[in-house]
Amino acid sequence: MDLLTWLRQETQLKRMILAIVFLALFVDHMLLSVVVPILPSYLYSISEAATTAPGNSLNLTLNPTTNQPLILDSTFAPLNRTPPLPSDPTWVLKFPESNCTYTHGHLDEVNIKVGLVLASKSTIQLIINPFTGPLCNRIGYHIPMCAGFCILVFATTLFAFSSSFILLLLARSVQGVGGSCLSVAGMGVLAEAYKDNEERGRAMGISFTGLALGLMAGAPFGSLMFQFVGKMAPFLVLAVIALLAGGLHALIFKTSMVQTKEKKGTPLLTLLKDPYIVIAAGAICLATLVIATIETALPVWMMKTMCASKWQLGAVFLADSISYLIASNIFGHVSQKYSAGWLCACIGMSLAGMATICFGFSKNIYHVFVLNACVGFSVGVVDSSIMPLMGNLVDLRHVPAYSTVYAIADVAICIGFSVGPAVTGPIVASIGFPWLMALIGTVNIIFAPLCLFLYNPPRQDEHLVILKKKENGSS
(Lines give C-alpha, C1' and ligand atoms only; values in the text may rest on other atoms or scores of the structure.)
Protein backbone atom coordinates (compact mmCIF):
# COMPACT_ATOMS: atom_id res chain seq x y z
CA MET A 1 0.00 0.00 0.00
CA ASP A 2 2.92 2.36 0.64
CA LEU A 3 3.96 1.90 -2.98
CA LEU A 4 0.44 2.67 -4.19
CA THR A 5 0.29 5.80 -2.04
CA TRP A 6 3.58 6.96 -3.50
CA LEU A 7 2.40 6.28 -7.06
CA ARG A 8 -0.79 8.26 -6.44
CA GLN A 9 1.13 11.36 -5.39
CA GLU A 10 0.78 14.29 -7.73
CA THR A 11 4.45 14.24 -8.70
CA GLN A 12 4.25 10.60 -9.81
CA LEU A 13 0.71 10.62 -11.18
CA LYS A 14 1.68 12.21 -14.50
CA ARG A 15 4.25 9.51 -15.12
CA MET A 16 1.75 6.79 -14.25
CA ILE A 17 -0.82 8.31 -16.61
CA LEU A 18 1.78 8.26 -19.37
CA ALA A 19 2.77 4.66 -18.55
CA ILE A 20 -0.83 3.43 -18.62
CA VAL A 21 -1.63 5.22 -21.90
CA PHE A 22 1.58 3.71 -23.28
CA LEU A 23 0.37 0.21 -22.30
CA ALA A 24 -3.14 0.86 -23.64
CA LEU A 25 -1.85 1.88 -27.07
CA PHE A 26 0.67 -0.97 -27.05
CA VAL A 27 -1.92 -3.70 -26.42
CA ASP A 28 -4.55 -2.28 -28.77
CA HIS A 29 -2.15 -1.85 -31.68
CA MET A 30 -0.36 -5.13 -31.09
CA LEU A 31 -3.74 -6.86 -31.40
CA LEU A 32 -4.39 -4.67 -34.44
CA SER A 33 -1.29 -5.94 -36.23
CA VAL A 34 -0.93 -9.47 -34.86
CA VAL A 35 -3.79 -10.66 -37.07
CA VAL A 36 -2.32 -9.20 -40.28
CA PRO A 37 -0.03 -12.16 -41.13
CA ILE A 38 -2.41 -14.73 -39.61
CA LEU A 39 -5.61 -13.89 -41.49
CA PRO A 40 -4.55 -14.60 -45.12
CA SER A 41 -3.17 -18.09 -44.39
CA TYR A 42 -5.87 -18.98 -41.86
CA LEU A 43 -8.78 -17.84 -44.02
CA TYR A 44 -7.15 -19.54 -47.03
CA SER A 45 -6.99 -22.82 -45.11
CA ILE A 46 -10.66 -22.46 -44.07
CA SER A 47 -11.61 -21.82 -47.70
CA GLU A 48 -9.60 -24.82 -48.88
CA ALA A 49 -11.10 -27.07 -46.21
CA ALA A 50 -14.59 -26.02 -47.29
CA THR A 51 -13.98 -26.80 -50.99
CA THR A 52 -11.81 -29.92 -50.66
CA ALA A 53 -13.57 -33.26 -50.53
CA PRO A 54 -13.10 -35.40 -47.39
CA GLY A 55 -10.02 -37.54 -47.58
CA ASN A 56 -8.25 -35.27 -50.04
CA SER A 57 -5.13 -33.43 -48.94
CA LEU A 58 -4.13 -29.90 -49.78
CA ASN A 59 -0.65 -31.23 -50.48
CA LEU A 60 -0.76 -32.79 -53.95
CA THR A 61 1.62 -35.69 -54.43
CA LEU A 62 3.34 -35.12 -57.76
CA ASN A 63 6.17 -36.78 -59.61
CA PRO A 64 9.29 -35.11 -58.10
CA THR A 65 11.07 -34.17 -61.34
CA THR A 66 12.75 -31.19 -59.72
CA ASN A 67 14.12 -30.23 -56.35
CA GLN A 68 12.71 -26.69 -56.46
CA PRO A 69 10.16 -26.34 -53.66
CA LEU A 70 7.12 -24.10 -53.47
CA ILE A 71 6.15 -22.68 -50.10
CA LEU A 72 2.37 -22.74 -49.76
CA ASP A 73 0.77 -22.42 -46.36
CA SER A 74 3.95 -23.89 -44.80
CA THR A 75 3.84 -26.93 -47.16
CA PHE A 76 6.08 -27.78 -50.08
CA ALA A 77 5.18 -28.96 -53.56
CA PRO A 78 7.53 -29.42 -56.52
CA LEU A 79 7.46 -27.02 -59.43
CA ASN A 80 7.42 -27.67 -63.18
CA ARG A 81 4.75 -30.32 -62.87
CA THR A 82 1.14 -29.83 -63.92
CA PRO A 83 -1.33 -31.13 -61.33
CA PRO A 84 -4.65 -32.61 -62.44
CA LEU A 85 -7.37 -30.00 -62.91
CA PRO A 86 -10.43 -30.40 -60.69
CA SER A 87 -13.95 -29.46 -61.71
CA ASP A 88 -13.90 -26.29 -59.57
CA PRO A 89 -13.66 -23.33 -62.02
CA THR A 90 -11.81 -21.21 -59.46
CA TRP A 91 -8.80 -23.51 -59.74
CA VAL A 92 -5.83 -21.85 -61.42
CA LEU A 93 -2.31 -22.98 -62.14
CA LYS A 94 -0.52 -19.66 -62.09
CA PHE A 95 -1.29 -16.02 -61.45
CA PRO A 96 -0.36 -13.89 -64.48
CA GLU A 97 2.04 -11.69 -62.52
CA SER A 98 3.48 -14.55 -60.51
CA ASN A 99 6.27 -17.07 -60.71
CA CYS A 100 4.53 -19.13 -58.01
CA THR A 101 2.29 -22.06 -58.84
CA TYR A 102 -0.66 -22.43 -56.45
CA THR A 103 -3.07 -25.29 -55.93
CA HIS A 104 -6.11 -23.05 -55.77
CA GLY A 105 -7.19 -19.60 -56.95
CA HIS A 106 -8.91 -18.45 -53.78
CA LEU A 107 -6.49 -15.67 -52.90
CA ASP A 108 -8.61 -12.87 -54.38
CA GLU A 109 -11.60 -14.09 -52.37
CA VAL A 110 -9.39 -14.29 -49.28
CA ASN A 111 -8.17 -10.74 -49.96
CA ILE A 112 -11.76 -9.45 -49.73
CA LYS A 113 -12.42 -11.38 -46.49
CA VAL A 114 -9.18 -10.12 -44.96
CA GLY A 115 -10.20 -6.58 -45.82
CA LEU A 116 -13.63 -6.99 -44.21
CA VAL A 117 -12.18 -8.37 -40.97
CA LEU A 118 -9.51 -5.66 -40.75
CA ALA A 119 -12.02 -2.91 -41.58
CA SER A 120 -14.62 -4.04 -39.03
CA LYS A 121 -12.63 -2.83 -36.02
CA SER A 122 -12.24 0.67 -37.32
CA THR A 123 -15.80 0.83 -38.61
CA ILE A 124 -17.18 0.03 -35.15
CA GLN A 125 -14.68 2.42 -33.58
CA LEU A 126 -15.82 5.09 -36.03
CA ILE A 127 -19.41 4.66 -34.83
CA ILE A 128 -18.50 4.61 -31.12
CA ASN A 129 -16.05 7.55 -31.07
CA PRO A 130 -18.59 10.41 -31.31
CA PHE A 131 -20.19 9.05 -28.13
CA THR A 132 -16.92 8.31 -26.31
CA GLY A 133 -15.68 11.92 -26.44
CA PRO A 134 -18.75 13.51 -24.75
CA LEU A 135 -18.87 10.58 -22.31
CA CYS A 136 -15.30 11.32 -21.21
CA ASN A 137 -16.25 14.98 -20.76
CA ARG A 138 -19.10 13.89 -18.50
CA ILE A 139 -17.56 11.14 -16.33
CA GLY A 140 -13.83 11.61 -16.84
CA TYR A 141 -11.22 9.45 -18.51
CA HIS A 142 -10.59 6.61 -16.07
CA ILE A 143 -13.87 4.65 -16.23
CA PRO A 144 -13.76 4.49 -20.08
CA MET A 145 -10.15 3.31 -19.89
CA CYS A 146 -11.05 0.53 -17.43
CA ALA A 147 -13.92 -0.51 -19.69
CA GLY A 148 -11.56 -0.46 -22.67
CA PHE A 149 -9.11 -2.86 -21.03
CA CYS A 150 -11.92 -5.26 -20.06
CA ILE A 151 -13.36 -5.27 -23.58
CA LEU A 152 -9.90 -5.85 -25.03
CA VAL A 153 -9.40 -8.93 -22.83
CA PHE A 154 -12.71 -10.31 -24.09
CA ALA A 155 -11.85 -9.56 -27.73
CA THR A 156 -8.43 -11.26 -27.60
CA THR A 157 -9.95 -14.34 -25.96
CA LEU A 158 -12.63 -14.46 -28.65
CA PHE A 159 -9.93 -14.21 -31.33
CA ALA A 160 -8.10 -17.15 -29.78
CA PHE A 161 -11.11 -19.47 -29.97
CA SER A 162 -12.55 -18.23 -33.28
CA SER A 163 -12.67 -20.93 -35.94
CA SER A 164 -14.73 -19.23 -38.67
CA PHE A 165 -14.84 -16.02 -40.67
CA ILE A 166 -17.95 -14.81 -38.78
CA LEU A 167 -16.35 -15.26 -35.35
CA LEU A 168 -13.18 -13.50 -36.47
CA LEU A 169 -15.31 -10.63 -37.75
CA LEU A 170 -17.15 -10.45 -34.41
CA ALA A 171 -13.92 -10.49 -32.39
CA ARG A 172 -12.44 -7.70 -34.50
CA SER A 173 -15.64 -5.65 -34.09
CA VAL A 174 -15.58 -6.06 -30.31
CA GLN A 175 -11.99 -4.84 -30.33
CA GLY A 176 -13.25 -1.65 -31.97
CA VAL A 177 -15.37 -0.80 -28.93
CA GLY A 178 -12.42 -1.28 -26.57
CA GLY A 179 -10.05 0.59 -28.87
CA SER A 180 -12.37 3.59 -28.92
CA CYS A 181 -12.42 3.80 -25.12
CA LEU A 182 -8.65 3.44 -24.80
CA SER A 183 -7.55 5.80 -27.58
CA VAL A 184 -9.97 8.69 -26.97
CA ALA A 185 -9.65 8.59 -23.18
CA GLY A 186 -5.88 8.00 -23.37
CA MET A 187 -5.13 10.96 -25.64
CA GLY A 188 -7.53 13.16 -23.66
CA VAL A 189 -6.00 12.41 -20.28
CA LEU A 190 -2.51 13.03 -21.65
CA ALA A 191 -3.47 16.39 -23.12
CA GLU A 192 -5.04 17.42 -19.82
CA ALA A 193 -2.12 16.24 -17.68
CA TYR A 194 0.54 17.93 -19.85
CA LYS A 195 -0.48 21.55 -20.47
CA ASP A 196 2.83 22.89 -21.81
CA ASN A 197 3.09 22.47 -25.58
CA GLU A 198 6.65 21.14 -25.58
CA GLU A 199 5.97 18.83 -22.64
CA ARG A 200 2.77 17.61 -24.29
CA GLY A 201 4.61 16.87 -27.53
CA ARG A 202 7.24 14.87 -25.66
CA ALA A 203 4.57 12.91 -23.72
CA MET A 204 2.61 12.07 -26.84
CA GLY A 205 5.80 11.05 -28.59
CA ILE A 206 6.46 8.59 -25.76
CA SER A 207 2.89 7.30 -25.88
CA PHE A 208 3.26 6.74 -29.63
CA THR A 209 6.28 4.63 -28.77
CA GLY A 210 3.80 2.19 -27.23
CA LEU A 211 1.73 2.32 -30.41
CA ALA A 212 4.83 1.73 -32.55
CA LEU A 213 6.10 -1.10 -30.34
CA GLY A 214 2.69 -2.76 -30.56
CA LEU A 215 2.70 -2.52 -34.34
CA MET A 216 6.35 -3.59 -34.45
CA ALA A 217 5.91 -6.64 -32.24
CA GLY A 218 2.46 -7.67 -33.49
CA ALA A 219 3.05 -8.83 -37.05
CA PRO A 220 6.31 -10.80 -36.55
CA PHE A 221 5.10 -12.15 -33.19
CA GLY A 222 1.83 -13.30 -34.75
CA SER A 223 3.47 -14.91 -37.78
CA LEU A 224 6.08 -16.80 -35.76
CA MET A 225 3.63 -18.00 -33.10
CA PHE A 226 1.09 -19.00 -35.77
CA GLN A 227 3.61 -21.05 -37.72
CA PHE A 228 5.38 -22.75 -34.82
CA VAL A 229 2.86 -22.82 -31.93
CA GLY A 230 -0.63 -22.28 -33.34
CA LYS A 231 -3.31 -19.66 -33.83
CA MET A 232 -4.48 -19.46 -30.21
CA ALA A 233 -1.09 -18.73 -28.65
CA PRO A 234 -0.51 -15.06 -29.67
CA PHE A 235 -4.04 -14.02 -28.68
CA LEU A 236 -3.89 -15.66 -25.26
CA VAL A 237 -0.58 -13.91 -24.55
CA LEU A 238 -2.16 -10.57 -25.49
CA ALA A 239 -5.17 -11.28 -23.27
CA VAL A 240 -2.85 -11.71 -20.28
CA ILE A 241 -1.00 -8.44 -21.08
CA ALA A 242 -4.30 -6.54 -21.39
CA LEU A 243 -5.52 -8.00 -18.10
CA LEU A 244 -2.34 -6.93 -16.28
CA ALA A 245 -2.46 -3.40 -17.77
CA GLY A 246 -6.12 -3.00 -16.79
CA GLY A 247 -5.39 -4.23 -13.29
CA LEU A 248 -2.58 -1.68 -12.91
CA HIS A 249 -4.91 1.11 -14.00
CA ALA A 250 -7.65 0.02 -11.58
CA LEU A 251 -5.18 -0.13 -8.68
CA ILE A 252 -3.66 3.30 -9.21
CA PHE A 253 -6.75 5.33 -10.07
CA LYS A 254 -9.24 5.13 -7.21
CA THR A 255 -12.97 5.66 -7.67
CA SER A 256 -12.63 8.93 -5.74
CA MET A 257 -10.56 10.27 -8.65
CA VAL A 258 -13.46 9.86 -11.08
CA GLN A 259 -14.84 13.12 -12.41
CA THR A 260 -18.42 13.88 -11.33
CA LYS A 261 -19.01 17.27 -12.99
CA GLU A 262 -19.35 17.56 -16.73
CA LYS A 263 -16.67 19.60 -18.46
CA LYS A 264 -17.91 22.43 -20.61
CA GLY A 265 -15.97 22.59 -23.83
CA THR A 266 -16.48 23.40 -27.48
CA PRO A 267 -19.13 21.11 -29.03
CA LEU A 268 -18.11 18.44 -31.50
CA LEU A 269 -19.89 20.03 -34.47
CA THR A 270 -18.20 23.38 -33.83
CA LEU A 271 -14.79 21.70 -33.89
CA LEU A 272 -15.69 19.92 -37.12
CA LYS A 273 -16.42 23.29 -38.73
CA ASP A 274 -12.91 24.54 -37.90
CA PRO A 275 -10.92 24.25 -41.18
CA TYR A 276 -7.60 23.88 -39.34
CA ILE A 277 -8.85 20.89 -37.35
CA VAL A 278 -10.32 19.39 -40.54
CA ILE A 279 -6.95 19.69 -42.33
CA ALA A 280 -5.13 18.11 -39.38
CA ALA A 281 -7.65 15.26 -39.22
CA GLY A 282 -7.39 14.78 -42.99
CA ALA A 283 -3.61 14.40 -42.76
CA ILE A 284 -3.96 11.74 -40.07
CA CYS A 285 -6.67 9.94 -42.07
CA LEU A 286 -4.71 9.75 -45.33
CA ALA A 287 -1.46 8.73 -43.62
CA THR A 288 -3.38 5.97 -41.84
CA LEU A 289 -4.97 4.95 -45.15
CA VAL A 290 -1.49 4.17 -46.49
CA ILE A 291 -0.72 1.81 -43.61
CA ALA A 292 -4.16 0.17 -43.71
CA THR A 293 -4.03 -0.46 -47.45
CA ILE A 294 -0.52 -1.92 -47.33
CA GLU A 295 -1.38 -4.18 -44.39
CA THR A 296 -4.39 -5.57 -46.28
CA ALA A 297 -3.01 -5.97 -49.80
CA LEU A 298 0.70 -6.63 -49.30
CA PRO A 299 0.58 -10.15 -47.74
CA VAL A 300 -1.52 -11.57 -50.58
CA TRP A 301 0.64 -9.74 -53.16
CA MET A 302 3.72 -11.34 -51.59
CA MET A 303 2.08 -14.77 -51.66
CA LYS A 304 1.29 -14.29 -55.36
CA THR A 305 4.55 -12.82 -56.63
CA MET A 306 7.25 -13.73 -54.09
CA CYS A 307 6.20 -17.17 -52.80
CA ALA A 308 6.33 -15.72 -49.27
CA SER A 309 6.02 -18.07 -46.29
CA LYS A 310 3.99 -17.33 -43.15
CA TRP A 311 6.82 -15.84 -41.12
CA GLN A 312 7.87 -13.57 -44.00
CA LEU A 313 4.35 -12.12 -44.22
CA GLY A 314 4.80 -10.70 -40.74
CA ALA A 315 8.54 -10.02 -40.75
CA VAL A 316 8.33 -7.37 -43.49
CA PHE A 317 6.15 -5.21 -41.23
CA LEU A 318 8.94 -5.08 -38.67
CA ALA A 319 10.63 -2.41 -40.81
CA ASP A 320 7.77 0.09 -40.78
CA SER A 321 7.20 -0.37 -37.05
CA ILE A 322 10.85 0.26 -36.15
CA SER A 323 11.00 3.34 -38.37
CA TYR A 324 7.66 4.57 -36.97
CA LEU A 325 9.10 4.17 -33.47
CA ILE A 326 12.17 6.24 -34.38
CA ALA A 327 10.18 8.97 -36.11
CA SER A 328 7.56 9.35 -33.37
CA ASN A 329 10.20 9.74 -30.67
CA ILE A 330 12.18 12.32 -32.62
CA PHE A 331 9.48 14.43 -34.26
CA GLY A 332 6.96 14.44 -31.42
CA HIS A 333 9.43 16.58 -29.47
CA VAL A 334 11.13 18.45 -32.35
CA SER A 335 7.93 19.52 -34.10
CA GLN A 336 6.57 21.14 -30.94
CA LYS A 337 9.87 22.63 -29.79
CA TYR A 338 10.34 24.49 -33.06
CA SER A 339 6.59 24.93 -33.82
CA ALA A 340 7.10 23.07 -37.09
CA GLY A 341 4.35 20.46 -36.91
CA TRP A 342 2.84 21.83 -40.14
CA LEU A 343 6.12 21.43 -42.04
CA CYS A 344 6.84 17.96 -40.65
CA ALA A 345 3.35 16.79 -41.62
CA CYS A 346 3.71 18.17 -45.16
CA ILE A 347 7.09 16.48 -45.71
CA GLY A 348 5.90 13.24 -44.08
CA MET A 349 2.83 12.95 -46.31
CA SER A 350 4.87 13.64 -49.44
CA LEU A 351 7.44 10.97 -48.57
CA ALA A 352 4.70 8.47 -47.65
CA GLY A 353 3.02 9.07 -51.01
CA MET A 354 6.21 8.53 -53.01
CA ALA A 355 7.13 5.36 -51.09
CA THR A 356 3.62 3.96 -51.56
CA ILE A 357 3.76 4.44 -55.33
CA CYS A 358 7.07 2.52 -55.41
CA PHE A 359 5.42 -0.60 -53.91
CA GLY A 360 3.99 -1.45 -57.33
CA PHE A 361 7.55 -1.86 -58.65
CA SER A 362 8.80 -4.13 -55.82
CA LYS A 363 10.18 -7.47 -56.99
CA ASN A 364 11.39 -9.19 -53.83
CA ILE A 365 11.24 -9.21 -50.03
CA TYR A 366 14.15 -6.76 -49.71
CA HIS A 367 12.41 -4.11 -51.81
CA VAL A 368 9.30 -4.49 -49.65
CA PHE A 369 11.36 -4.22 -46.47
CA VAL A 370 12.98 -0.93 -47.52
CA LEU A 371 9.71 0.59 -48.73
CA ASN A 372 7.95 -0.42 -45.52
CA ALA A 373 10.67 1.35 -43.55
CA CYS A 374 10.15 4.54 -45.59
CA VAL A 375 6.37 4.42 -45.12
CA GLY A 376 6.65 3.76 -41.39
CA PHE A 377 9.04 6.66 -40.87
CA SER A 378 6.87 9.04 -42.91
CA VAL A 379 3.62 8.12 -41.14
CA GLY A 380 5.39 8.37 -37.77
CA VAL A 381 6.43 11.92 -38.66
CA VAL A 382 2.84 12.84 -39.58
CA ASP A 383 1.21 11.27 -36.51
CA SER A 384 3.67 12.59 -33.92
CA SER A 385 3.50 16.09 -35.41
CA ILE A 386 -0.26 16.38 -35.91
CA MET A 387 -1.53 14.81 -32.66
CA PRO A 388 0.00 17.43 -30.31
CA LEU A 389 -0.92 20.12 -32.85
CA MET A 390 -4.60 19.21 -32.53
CA GLY A 391 -4.43 19.82 -28.78
CA ASN A 392 -2.70 23.13 -29.46
CA LEU A 393 -5.43 24.14 -31.93
CA VAL A 394 -8.08 23.57 -29.28
CA ASP A 395 -6.09 25.63 -26.76
CA LEU A 396 -5.64 28.40 -29.30
CA ARG A 397 -9.04 28.61 -30.97
CA HIS A 398 -11.62 26.98 -28.69
CA VAL A 399 -12.62 26.19 -25.10
CA PRO A 400 -10.42 23.15 -24.32
CA ALA A 401 -12.16 19.78 -24.12
CA TYR A 402 -9.44 17.43 -25.25
CA SER A 403 -11.47 14.24 -25.38
CA THR A 404 -13.67 15.77 -28.11
CA VAL A 405 -10.83 16.83 -30.39
CA TYR A 406 -9.05 13.50 -29.92
CA ALA A 407 -12.30 11.74 -30.69
CA ILE A 408 -12.13 13.57 -34.04
CA ALA A 409 -8.51 12.45 -34.47
CA ASP A 410 -9.47 8.87 -33.67
CA VAL A 411 -12.38 9.06 -36.11
CA ALA A 412 -9.88 10.13 -38.78
CA ILE A 413 -7.69 7.14 -37.97
CA CYS A 414 -10.71 4.84 -38.04
CA ILE A 415 -11.82 6.12 -41.43
CA GLY A 416 -8.37 5.25 -42.78
CA PHE A 417 -8.38 1.80 -41.18
CA SER A 418 -11.95 1.04 -42.30
CA VAL A 419 -12.00 2.47 -45.84
CA GLY A 420 -8.54 1.10 -46.71
CA PRO A 421 -9.16 -2.60 -46.01
CA ALA A 422 -12.78 -2.45 -47.24
CA VAL A 423 -11.90 -1.16 -50.73
CA THR A 424 -8.54 -2.89 -51.14
CA GLY A 425 -9.87 -6.31 -52.15
CA PRO A 426 -12.26 -5.11 -54.88
CA ILE A 427 -9.78 -2.55 -56.25
CA VAL A 428 -6.93 -5.07 -56.41
CA ALA A 429 -9.24 -7.56 -58.15
CA SER A 430 -10.24 -4.95 -60.76
CA ILE A 431 -7.12 -2.87 -61.48
CA GLY A 432 -4.32 -4.67 -59.62
CA PHE A 433 -2.01 -4.00 -56.68
CA PRO A 434 0.42 -1.56 -58.41
CA TRP A 435 -2.38 0.76 -59.52
CA LEU A 436 -3.93 0.72 -56.04
CA MET A 437 -0.60 1.79 -54.52
CA ALA A 438 -0.21 4.52 -57.15
CA LEU A 439 -3.70 5.84 -56.38
CA ILE A 440 -3.20 5.98 -52.59
CA GLY A 441 0.25 7.53 -52.93
CA THR A 442 -0.94 10.22 -55.32
CA VAL A 443 -3.79 11.23 -53.01
CA ASN A 444 -1.30 11.75 -50.15
CA ILE A 445 1.03 13.84 -52.32
CA ILE A 446 -1.85 16.05 -53.49
CA PHE A 447 -3.11 16.60 -49.92
CA ALA A 448 0.33 17.34 -48.41
CA PRO A 449 0.50 21.09 -49.34
CA LEU A 450 -2.69 21.72 -47.34
CA CYS A 451 -0.67 21.14 -44.17
CA LEU A 452 1.09 24.45 -44.85
CA PHE A 453 -2.13 26.21 -43.79
CA LEU A 454 -1.50 24.92 -40.26
CA TYR A 455 1.39 27.37 -39.93
CA ASN A 456 0.56 30.00 -37.32
CA PRO A 457 -3.26 29.61 -37.24
CA PRO A 458 -5.11 32.69 -35.90
CA ARG A 459 -6.83 32.73 -32.52
CA GLN A 460 -10.57 32.25 -32.64
CA ASP A 461 -11.18 35.26 -30.37
CA GLU A 462 -9.25 37.42 -32.85
CA HIS A 463 -11.80 36.44 -35.48
CA LEU A 464 -14.60 37.41 -33.11
CA VAL A 465 -13.03 40.83 -32.52
CA ILE A 466 -12.65 41.39 -36.27
CA LEU A 467 -16.25 40.40 -36.91
CA LYS A 468 -17.52 42.72 -34.17
CA LYS A 469 -15.51 45.60 -35.63
CA LYS A 470 -16.95 44.91 -39.08
CA GLU A 471 -20.47 44.79 -37.66
CA ASN A 472 -19.96 48.08 -35.79
CA GLY A 473 -18.46 49.68 -38.88
CA SER A 474 -21.34 48.61 -41.11
CA SER A 475 -23.91 49.87 -38.61
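Cut-offs used in this document
- Residues numbered from 1 in each chain as written.
- Predicted model: local features only at pLDDT ≥ 70, side-chain atom pairs only at ≥ 80, totals over all residues.
- Heavy atoms only, no water.
- Salt bridge = Lys/Arg side-chain N within 4 Å of Asp/Glu carboxyl O.
- Helix = DSSP H or I, 4+ residues; strand = E, 2+ residues; numbered from the N terminus.
- Buried < 20%, exposed > 50% of the residue type's maximum accessible area, 1.4 Å probe, protein only.
- Axes fitted to C-alpha atoms, helices over the stretch in contact; angles between N-to-C directions.
- Parallel < 35°, antiparallel > 145°, perpendicular 65-115°, else oblique.
- Left-handed = near helix turned anticlockwise from the far one by under 90°.
- Contact = heavy atoms within 4.5 Å.
- Nonpolar A, V, L, I, M, F, W, Y, C, P; charged D, E, K, R; others polar.
- Expected span 1.5 Å × (residues − 1).
- Bend = angle between axes of the 7 residues up to and from the residue.
- Polar contact = N/O pair within 3.5 Å; in protein donor to acceptor, adjacent residues only side chain to side chain.
- Phe/Tyr/Trp six-rings, centres within 6.5 Å; stacked < 30°, edge-to-face > 60°.
- Lys NZ or Arg CZ within 6 Å of the ring centre and 35° of its normal.
- pLDDT = per-residue confidence, 0-100.
- Patch = residues over 30% accessible without salt bridge, like charges linked within 9 Å, V, L, I, M, F, W, Y side chains within 5 Å.
- Areas by Shrake-Rupley, 256 points an atom, 1.4 Å probe, with all protein chains shown as cover.

A closer look at the pattern of salt bridges
Here is step 1: The tally for this structure, following the rule as stated, stands at two salt bridges.
Here is step 2: Here Asp28 makes a salt bridge to Lys121, at a shortest N to O gap of 3.4 Å. Of this pair, Asp28 sits in helix H2 (residues 10–34) while Lys121 sits in helix H4 (residues 107–139), placing them 93 residues apart in sequence.
Here is step 3: Arg397 serves as the salt-bridge partner of Asp274, at 2.8 Å between the closest nitrogen and oxygen. Taken together, the positions of Asp274 in the loop between helix H9 (268–272) and helix H10 (275–305) and Arg397 in helix H14 (residues 365–397) put the pair 123 residues apart, joining distant regions of the chain.
Here is step 4: Classification of Asp274 as buried rests on a relative accessible area of 3%.
Here is step 5: A relative accessible area of 6% places Arg397 in the buried class.

Observations concerning unusual backbone geometry
Here is step 1: Located in the positive-phi region is Asn456, a residue other than glycine, with phi close to 50°.
Here is step 2: Relative to the assigned elements, Asn456 resides in the loop between helix H16 (433–447) and helix H17 (460–474).

Brief notes about the packing of helix H5 (residues 142–161) against helix H8 (residues 232–252)
Here is step 1: Two elements in contact, H5 and H8, have axes whose closest approach is 8 Å; the angle formed by their N-to-C orientations is 165°. Compared by their axis directions, H5 and H8 come out roughly antiparallel. The handedness of the crossing between H5 and H8 comes out as left-handed. Along the contact surface, H5 presents His142, Met145, Cys146, Phe149, Val153, Thr156, Thr157, Phe159, Ala160 and Phe161, while H8 presents Met232, Phe235, Leu236, Leu238, Ala239, Ala242, Leu243, Ala245, Gly246, His249 and Ala250.
Here is step 2: Counted by class, the contact of H5 with H8 contains 16 nonpolar, five polar and no charged residues.

Observations concerning H10
Because each turn of an α-helix spans 3.6 residues, side chains separated by three or four positions in sequence point in the same direction.
Here is step 1: Between the first and last C-alpha of H10 there are 43 Å, a value that for 31 residues agrees with the 45 Å anticipated at 1.5 Å per step.
Here is step 2: Approximately 35° is the largest bend angle found in H10, and it occurs at Ala297, with the proline Pro299 only one to four residues beyond.
Here is step 3: At the N-terminal end of H10, a side-chain oxygen is found 2.9 Å from the backbone nitrogen of Tyr276, two or three residues along, and the residue is Asp274.
Here is step 4: Backbone geometry just downstream of H10 places Cys307 in the positive-phi region, at approximately 55°.

Some remarks on the packing of H10 against H14
Here is step 1: In contact at an axis separation of 9 Å, H10 and H14 are set at 160° when each is read in the N-to-C sense. Put simply, H10 runs roughly antiparallel to H14. Taken as a pair, H10 and H14 cross one another with a handedness that is left-handed. Counting all contacts with H10, which are made through Tyr276, Ile277, Ala280, Ala281, Ala283, Ile284, Ala287, Val290, Ile291, Ile294, Leu298 and Met302, the residues of H14 involved are Ile365, Val368, Asn372, Val375, Val379, Val382, Asp383, Ile386, Met387, Met390, Leu393 and Arg397.
Here is step 2: A breakdown of the residues in the contact of H10 with H14 according to their chemical character gives 21 nonpolar, one polar and two charged.

Looking at the packing of aromatic side chains
Ring pairs (aromatic) are described by centroid distance and by the angle formed between their planes.
Here is step 1: The final tally for this structure, using the stated rule, is four aromatic pairs.
Here is step 2: A ring pair is formed by Phe159 and Phe235, whose centres lie 5.0 Å apart and whose planes are at 10°; its orientation type is stacked. Here Phe159 is found in helix H5, whereas its partner Phe235 is found in helix H8, with 76 residues between them in sequence.
Here is step 3: With a relative accessible area of 1%, Phe159 lands in the buried category.
Here is step 4: Sitting over the ring of Phe165, Lys113 keeps its end group 5.6 Å from the ring centre.

Notes on the confidence of the model for the chain
Here is step 1: Per-residue pLDDT for the chain averages 76, and the proportion of residues at 70 or more is 77%.
Here is step 2: Mean pLDDT across the elements of the chain ranges from a minimum in strand E2 (residues 75–78), with 36, to a maximum in H16, with 93.
Here is step 3: Contacts from residues 462–468, a stretch scored under 50 in pLDDT, to residues over four places away or in other chains number two contacts.

Observations regarding the side chain of His142
Here is step 1: Summarising the element assignment, His142 is placed in helix H5.
Here is step 2: Polar side-chain contacts of His142 include one of 3.5 Å to the side chain of His249.

Some words on helix H13 (residues 341–358)
Here is step 1: Here H13 contains 18 residues, and its C-alpha end-to-end distance of 26 Å stays within 8% of the 26 Å for a straight helix at 1.5 Å per residue.
Here is step 2: Looking only at H13, the buried set comprises Gly341, Trp342, Cys344, Ala345, Cys346, Gly348, Met349, Ala352, Gly353, Ala355 and Thr356.
Here is step 3: Those residues of H13 hidden inside the fold are in contact with H10, helix H12 (317–337), H14 and H16.

Here we look at a nonpolar patch on the surface
Here is step 1: A surface patch of nonpolar side chains, amounting to about 490 Å² of accessible area, comprises Leu343, Ile347, Leu351, Met354, Ile445 and Leu452.
Here is step 2: A total of four residues in the nonpolar patch trace back to one element, the largest contributor, which is H13.
Here is step 3: Tracing the chain through its elements places Ile347 in helix H13.
Here is step 4: Residue Ile347 is classed as partly exposed on the basis of its relative accessible area, which comes to 45%.

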